[in-house]
Amino acid sequence: MPPTELEKSVAQMGALEVPLIVMDLIVSEISSPKIFTLVRSLLPRAASVQEGGVRAANGAGADLGYDHRLVAMICYMHRVAHYVVFCRGLSEDDRWLFFNDLPGMTSGAARELTGWTSVARECARFELCPRVLLYESPSSARKAIRQNPQRRALSELFTGGGLQDAGSSASRCFWGAAACFEG
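In this text, all values refer to a predicted model and were calculated from it rather than measured experimentally. (Residues numbered from 1 in each chain as written. Predicted model: local features only at pLDDT ≥ 70, side-chain atom pairs only at ≥ 80, totals over all residues. Heavy atoms only, no water.)

### Digging into the overall build of the protein
The helix and strand tally for the protein stands at 7 helices and 6 strands. Along the protein, from the amino end to the carboxyl end, the secondary structure elements read α-β-α-α-β-β-β-β-α-β-α-α-α. Taking all 183 residues of the protein together, the buried fraction comes to 45%. Put simply, 58% of the contacts in the protein that link residues at least 6 apart link residues at least 24 apart. Surface accessibility of the protein: about 9500 Å² in total, with carbon and sulfur atoms responsible for 56%. (Helix = DSSP H or I, 4+ residues; strand = E, 2+ residues; numbered from the N terminus. Buried < 20%, exposed > 50% of the residue type's maximum accessible area, 1.4 Å probe, protein only. Contact = heavy atoms within 4.5 Å. Areas by Shrake-Rupley, 256 points an atom, 1.4 Å probe, with all protein chains shown as cover.)

### Description of the pattern of salt bridges
Applying the stated criterion across every chain yields a total of 7 salt bridges. Of the charged contacts, one joins Asp-24 and Arg-131 as a salt bridge, the two residues approaching to 3.4 Å between their closest N and O atoms. Of the two residues, Asp-24 is situated in strand E1 (residues 20-24) and Arg-131 in strand E6 (residues 129-136); the sequence distance between them amounts to 107 residues. Arg-95 serves as the salt-bridge partner of Glu-92, at 3.9 Å between the closest nitrogen and oxygen. Judged by its relative accessible area of 44%, Glu-92 falls in the partly exposed class. (Salt bridge = Lys/Arg side-chain N within 4 Å of Asp/Glu carboxyl O.)

### Topic: helix H2 (residues 32-41)
Every α-helix winds through 3.6 residues per turn, so residues three or four apart in the chain are directed the same way. Every buried residue of H2 is accounted for by Ser-32, Ile-35, Leu-38 and Val-39. Buried residues in H2, looked at end-on, bunch into an arc of 120°, giving them a common side. Pointing more than 90 degrees away from the buried face of H2 are the exposed residues Pro-33, Lys-34 and Thr-37. (Arc of directions from axis to C-beta.)

### Thoughts on the sheet that holds strand E4 (residues 95-99)
Here 6 strands make up an open sheet; going across it, the order is E1-E6-E2-E3-E4-E5 and the pairing antiparallel. The open sheet is flanked by E1 and strand E5 (112-114), the only strands paired with a single partner. When the angles between neighbouring strand axes are averaged without regard to direction, this sheet yields 20°. In this structure, E1 lies alongside E6, joined through 5 bridges in antiparallel fashion. Across the sheet, Asp-24 pairs through a bridge with Val-132, a residue of E6. (Pairing = 2+ DSSP bridges. Axes fitted to C-alpha atoms, helices over the stretch in contact; angles between N-to-C directions.)

### So, the state of the cysteines
Tallied over the entire structure, the rule returns 0 disulfides. Sulfur of Cys-75: no disulfide; nearest cysteine sulfur belongs to Cys-123 and is 4.1 Å away. The cysteine Cys-129 is free of any disulfide, with Cys-75 supplying the nearest cysteine sulfur at 7.4 Å. (Disulfide = S-S within 2.5 Å.)

### Examining the side chain of Arg-131
Its relative accessible area of 19% is what places Arg-131 among the buried residues. Polar side-chain contacts of Arg-131 include one of 3.4 Å to the side chain of Asp-24. Beyond its immediate stretch of four places on either side in the chain, Arg-131 contacts Met-23, Asp-24, Leu-25, Ile-74, Cys-75, Tyr-76 and Tyr-83. (Polar contact = N/O pair within 3.5 Å; in protein donor to acceptor, adjacent residues only side chain to side chain.)

As structure tokens, then:
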């Protein structure tokens, strides 16, 4: 689905105000060229500006809705039944880190990539089919922490005190932990 269709679906579910949105893509095994096309269609808006596009009017740096940003994409390798992940860099929007606990499966893959097109190329090269997209909303995360004493205490535990910017690594760790505790 193009991002506008994704946004419509998220809005219909009433999920535009939640801190994390996880989208599970159900995709059967597809060819490398189709993987490249699929990944390119998921191009984060911030990357589209850097790669020659026009920034959406609904929010500076937003990839979905008003301030949700794509922070991770989990991919599946059908050939070997294995998952890998691309995570957005914390300090550089257009930098993506590739994680694979079985590096021999993707020998020669870049560990750090610049630009979404580079991510799409690596996905196609190693047949890494997108399965899960994780979007984060810094403003919704801060709001949820302020409104819930248990989350606030957990946040302080992970951040060492006061509320940090929800884009920081400590808050991402907090939200990951919160999902585990609440699940």
